[in-house]
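# Analysis of the macromolecular model
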Amino acid sequence: MTLSEVTLPASDPAPPLTTRAAQLQAVLAADRRHHLAFPGATDLTYPDLAAVLSSQLLNNVGDPFEPGHGRNHTKDYEIDVVRRLGVLFGGHREQVWGYVASGATEGTVHAVDEAATALPGLVVYASTAAHYSVAKAARLVRAPLVAVPADAHGRMRLDALRMQLMRFRDRPAAIVATVGTTETEAADDVAGIAGLCDHLGVTRRRIHVDAALAGVPRALLPAHQQPPFGFAAGATSVVVSGHKFLSTLMPCAVLLYPRRPVTAGTPVSYIGAADTTIAGSRNGHTPLLLWWSLTTAGGLDKHRARADAARRLAADTYERLRRIGWRARWQPPAFTVTLTQPAGRLARPWVLGGDQHTGRIICMPGLEAAWVGEFLDDLRAAALARTVVPMPRPAGNTSGEQGCLS
Ligand SMILES: Cc1ncc(COP(=O)(O)O)c(C=O)c1O
């Protein structure tokens, strides 16, 4: 059954709502195993919060650090989430500022808007592998966006950034670095970007780190396994998603600054708080999900273990693809394994995302090894029967799936 089949035609007698909800749950649960390319963890659930989530209106409107007129909000939890994650990225617990946004896009829009307000004449820089939200943010603040080429690993090329910064050396810069690109989960060199700016005398600058997918799991790695990308490395803001690694099950993100930006908004008497966020009314449930995810049942140690297990699944998936002779690529410590898109028919409706040439298996916590195994069995059987073949790569493309780039 597909999702649309759950909604019965108007002429049918309406089923009881509990039946409809149970059907919806059954369809979604059965289809979950096919979504290999969705970078959202689903292993943490929140039964303790069921009553609050399903029966309370919670609106965190305005600045999280100002309670405002209403009491039906969760700003205390939101502040604690901001402080916990702010510390993880090298901030001081009492100084960090930020908020729980609707998603990483909103976080990047906030950071680019802050930069454009504080630094008139701003130019935005991001790599060609950056998420499309960066172009949206630049467009919204009417700032030019300079696309910096990425290298074969998917990382921003610092030699190319240098050339562009020199070209616009009279103008302030907002460089959006990505830690965990959407396509290959590559990480830009934040400290290298900051060092380059220092070297070129680009002092009127912001370095926003879009760490939507990989920010939390990589910050939990031992220092020698992941170059730092937080505030100590030169970031002036960081955004991480809640529904990706932290398994909040509904879209959200946490935007973090080492301290409150100077351009913070003015008080609004109607809400009793300053208007410092992009959104007006804000979700009061997602800070609870984030807080539960971050603090319960082992806290950050639990998240470290989840990340390690996800990487083991990624390593195993890559190895098994190689063994069946299907072109694949994996860059530890990523959760993402890219593979040549199968052209043809597979036994089940696997979702590999990506583009025409490259698909993805993103080994997020919650993706079961057995489901990946089922896909690999289908792929192997179809390849042997030649009902699928690897999609040919475009001529001249050297960045396809070649191997493990460690
Ligand atoms: C690197 C990166 N940045 C930003 C986003 C956008 O996040 P959202 O859809 O929550 O706004 C994504 C989403 O996939 C992403 O992978």
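Keep in mind the model is a prediction, meaning the values are calculated, not measured.

Rules of the game
- Residues numbered from 1 in each chain as written.
- Predicted model: local features only at pLDDT ≥ 70, side-chain atom pairs only at ≥ 80, totals over all residues.
- Heavy atoms only, no water.
- Domains from an automatic or database assignment.
- Contact = heavy atoms within 4.5 Å.
- Buried area = accessible area lost by both parts, 1.4 Å probe.
- Salt bridge = Lys/Arg side-chain N within 4 Å of Asp/Glu carboxyl O.
- Polar contact = N/O pair within 3.5 Å; in protein donor to acceptor, adjacent residues only side chain to side chain.
- Helix = DSSP H or I, 4+ residues; strand = E, 2+ residues; numbered from the N terminus.
- Pairing = 2+ DSSP bridges.
- Axes fitted to C-alpha atoms, helices over the stretch in contact; angles between N-to-C directions.
- Core = buried A, V, L, I, M, F, W, Y, C linked by side-chain atoms within 4.5 Å.
- Buried < 20%, exposed > 50% of the residue type's maximum accessible area, 1.4 Å probe, protein only.
- Near = heavy atom within 4 Å.
- Areas by Shrake-Rupley, 256 points an atom, 1.4 Å probe, with all protein chains shown as cover.
- Phe/Tyr/Trp six-rings, centres within 6.5 Å; stacked < 30°, edge-to-face > 60°.
- Lys NZ or Arg CZ within 6 Å of the ring centre and 35° of its normal.

### Section: the domain arrangement of the chain
Entries for the chain in the domain assignment read domain 1 (30-44 + 299-387) and domain 2 (52-295). One C-alpha centre belongs to domain 1, the other to domain 2; they are set 28 Å apart. Residue-level contacts link 24 residues of domain 1 with 24 residues of domain 2. Note on domain 1 versus domain 2: buried area summed over both sides is about 2,000 Å², and carbon and sulfur give 54% of it. In this assembly, domain 1 and domain 2 are joined by zero salt bridges. Joining domain 1 to domain 2, the criterion identifies 13 residue pairs in polar contact (both at pLDDT 80 or more). At the level of elements, α11 (299-323) and β11 (336-340) are the ones that each hand at least two residues to the side of domain 1 that touches domain 2. Per-element accounting of the side of domain 1 that touches domain 2 gives the leading share, eight residues, to α11.

### Here we look at the sheet that holds strand β13 (residues 358-362)
Sheet architecture is open: three strands sit in the order β10-β11-β13, paired in antiparallel fashion. A single partner strand is all that each edge strand has here, and the edge strands are β10 (328-330) and β13. Taking the axes of each pair of neighbouring strands and ignoring which way they run, one obtains an average angle of 25° across the sheet. In this structure, β11 lies alongside β13, joined through five bridges in antiparallel fashion. In the strand pairing of β13, Thr 340 is matched with Thr 358. Contacting β10, β11 and β13, α11 runs over the sheet at an angle of about 155° to β10.

### Observations regarding the nonpolar core
Ranked by size, the top nonpolar core spans 52 residues in total, and within it Tyr 125, Leu 165, Val 190 and Val 254 carry the most contacts. It is helix α8 (residues 190-200) that provides the largest number of residues to this core, a total of six residues. Lining this core are residues from two domains, each supplying at least three of them: domain 1 (30-44 + 299-387) and domain 2 (52-295). In this view, Val 254 contacts Val 81, Val 82, Leu 85, Tyr 99, Val 100, Val 238, Val 239, Val 240 and Leu 290; residues no more than four positions away in its chain are not counted. Core analysis: the second largest hydrophobic core is formed by 24 residues, Leu 321, Trp 326, Ala 328 and Leu 376 among them.

### Observations concerning the sheet that holds strand β4 (residues 173-178)
Pairing in this open sheet of seven strands is mixed, and the strands run β1-β7-β6-β5-β4-β2-β3 from one edge to the other. Edge positions in the open sheet fall to β1 (97-101) and β3 (145-148), since each of these has one partner strand only. If you compare each strand with its neighbour and ignore which way they point, the axes differ by 15° on average. Relative to strand β7 (residues 253-257), β1 runs antiparallel, the two being bridged by five bridges. Bridge pairing in β7 places Val 100 opposite Val 254.

### What to know about the site of the ligand
Taken together, the neighbourhood of the ligand is formed by Gly 103, Ala 104, Thr 105, His 131, Ser 133, Gly 180, Thr 182, Asp 210, Ala 212, His 243 and Lys 244. Ala 104 places a polar main-chain atom, nitrogen or oxygen, 3.2 Å from an oxygen atom of the ligand. Contact with the protein chains removes 83% of the 390 Å² of surface that the ligand exposes when unbound.

### Quick look at the packing of aromatic side chains
The tally for this structure, following the rule as stated, stands at nine aromatic pairs. Taken together, the ring pairs in this structure connect Tyr 77, Trp 291 and Trp 292 into an aromatic cluster. In this structure, Arg 306 packs its charged tip against the face of Phe 245, placed 4.5 Å from the ring centre.

### As for the pairing of strand β5 (residues 205-210)
Counting buried residues along β5, six of its six residues qualify, which places the element largely inside the surrounding structure. Every second residue of β5 is oriented toward a common face, with Arg 205, Ile 207 and Val 209 on one face and Arg 206, His 208 and Asp 210 on the other, all of them buried. Bridge count between β4 and β5: six bridges; the pairing is parallel. Across the sheet, Ile 175 pairs through a bridge with Ile 207, a residue of β5.

### Some words on the pattern of salt bridges
One pass over the structure, following the stated rule, counts 17 salt bridges. For Glu 78, the salt bridge is made with Arg 282, and the minimal N-O distance between the two is 2.6 Å. Remark: Arg 282 occurs in the loop between β9 (273-274) and α10 (286-295) and Glu 78 occurs in helix α4 (residues 75-88); sequence separation between them is 204 residues. There is no split in this pair, since Glu 78 and Arg 282 are both buried. Between Glu 374 and Arg 348 there is a salt bridge, with its nearest N and O atoms 3.4 Å apart. One end of the pair, Glu 374, is in helix α12 (residues 369-385); the other, Arg 348, is in the loop between β12 (342-344) and β13, with 26 residues separating them in the sequence. By relative accessible area, Arg 348 is classed as partly exposed at 33%. One continuous salt-bridge network, built from bridges that share partners, spans Arg 33, Arg 348, Glu 374 and Asp 378.

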